[in-house]
Amino acid sequence: SSKKDILSCFRLPEKKVHVIHLGVDSSFEPTAAGESEFARTLPERYILNVGTLEARKNLPRLLEAYAIARGKGLQHKLLIGGARGWRLSNLAGIVEKHQLADDVLFLGFVEDTDLPLLYSKADFFVYPSIYEGFGMPILEAMACGTPVITSNCSSMPEVAGEAALLVDPFDAEEIAARMLDLAVPGELRRTLREKGIARAARFSWENTARETLAVYERIV
């Protein structure tokens, strides 16, 4: 996906652009809650979104979809983790508009050491971003055994493969419907968990380094 963008924007010869996928750190794995202070702050049942809070992450539509799903019986809290970024919308105003103040928790920046637990304890991960160069949180969630809902555009289908539910990021009703599909434990959750762990295992930093070195060697 990024290669197509680079070729289009910079008009480079295709042979000069090499695709090397990123890896997911080995610290991301299914993690038990334990007795940490951070673990005690997490609600019993929640949906998770992680990433810098900025325009392309599509958070206003995520909140709209969540409000729709709540209106149809969804009981989960929505946790949104990440530092403030570029062109952030008035998320607090959207939360107030939909009367979600008791249901949406903004965690701010989350330490790397807390992320595996945060992913692992979530019932599922929702990432309806509009544009990603790669989409690292998708793999991090999968590696932790957390089912994923993500967008059907940009790089996200390339990263997620068939191990996630893909949605139109501009369609709040569709996002809400997939949330409701995963709200109840069952075969769909189990299947996505298994597929996600297997998918994430294909992306390692060792492979990234090996493929990068191969490009250097070909150029030399």
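Residues numbered from 1 in each chain as written. Predicted model: local features only at pLDDT ≥ 70, side-chain atom pairs only at ≥ 80, totals over all residues. Heavy atoms only, no water.

## Quick notes on the nonpolar core
Leu48, Leu118, Tyr119, Phe125, Ile138, Leu139 and Met142 are the most contacted members of the largest nonpolar core, which totals 34 residues. Residue contributions to this core peak at six residues, all from helix H6 (residues 136-143). Once residues within four sequence positions are removed from consideration, Ile138 is found in contact with Phe125, Tyr127, Val148, Thr150, Met156, Val159 and Ala160. Counting residues in each nonpolar core, the second largest holds 30 residues, with Ile47, Tyr66, Ile68 and Ile149 among its members. (Core = buried A, V, L, I, M, F, W, Y, C linked by side-chain atoms within 4.5 Å. Buried < 20%, exposed > 50% of the residue type's maximum accessible area, 1.4 Å probe, protein only. Helix = DSSP H or I, 4+ residues; strand = E, 2+ residues; numbered from the N terminus. Contact = heavy atoms within 4.5 Å.)

## Considerations on the pairing of strand E3 (residues 104-108)
Alignment of strand E2 (residues 77-81) against E3, held across four bridges, turns out to be parallel. Paired with Gly81 across the two strands is Gly108, which belongs to E3. For the segment spanning E2, helix H4 (residues 91-97) and E3, crossover handedness is right-handed. (Pairing = 2+ DSSP bridges. Right-handed = clockwise from strand over helix to strand, strands pointing away.)

## Side note on the packing of aromatic side chains
Inspection of every chain in the model, using the stated rule, returns four aromatic pairs. Taken together, a centroid distance of 5.6 Å and an interplanar angle of 20 degrees make the contact between Phe125 and Tyr127 stacked. On the basis of relative accessible area, Phe125 is assigned to the buried category, the value being 0%. Among the residues examined, Tyr127 registers a relative accessible area of 2% and is labelled buried. A ring pair is formed by Phe134 and Phe203, whose centres lie 6.2 Å apart and whose planes are at 70 degrees; its orientation type is edge-to-face. Of this pair, Phe134 sits in the loop between strand E4 (124-127) and H6 while Phe203 sits in the loop between helix H9 (187-200) and helix H10 (205-219), placing them 69 residues apart in sequence. Of the two residues, Phe134 and Phe203, neither departs from the other in class, the shared state being buried. Site record: aromatic cluster; members linked through ring pairs are Phe28, Tyr119, Phe125 and Tyr127. (Phe/Tyr/Trp six-rings, centres within 6.5 Å; stacked < 30°, edge-to-face > 60°.)

## Topic: the sheet that holds strand E1 (residues 46-50)
Taking strand neighbours across the sheet as the criterion, the six strands line up as E3-E2-E1-E4-E5-E6 in an open arrangement whose pairing is parallel. One side of each edge strand has no neighbouring strand; the edge strands of this open sheet are E3 and strand E6 (165-167). Between one strand axis and the next, the sheet turns through 25 degrees on average, direction left out of account. (Axes fitted to C-alpha atoms, helices over the stretch in contact; angles between N-to-C directions.)

## Some points on unusual backbone geometry
Phi is positive for Asn58, close to 65 degrees, though the residue is something other than glycine. In this structure Asn58 comes out as buried when scored by relative accessible area, which is 4%. Its identity is not glycine, yet Ser154 carries a phi of approximately 55 degrees, on the positive side. Note that Ser154 resides in the loop between strand E5 (148-151) and helix H7 (156-160).

## A word on the state of the cysteines
Scanning the entire structure with this criterion turns up zero disulfides. No disulfide involves Cys9; its nearest neighbouring cysteine sulfur is the one of Cys153, lying 16 Å away. In this structure Cys9 comes out as exposed when scored by relative accessible area, which is 60%. (Disulfide = S-S within 2.5 Å.)

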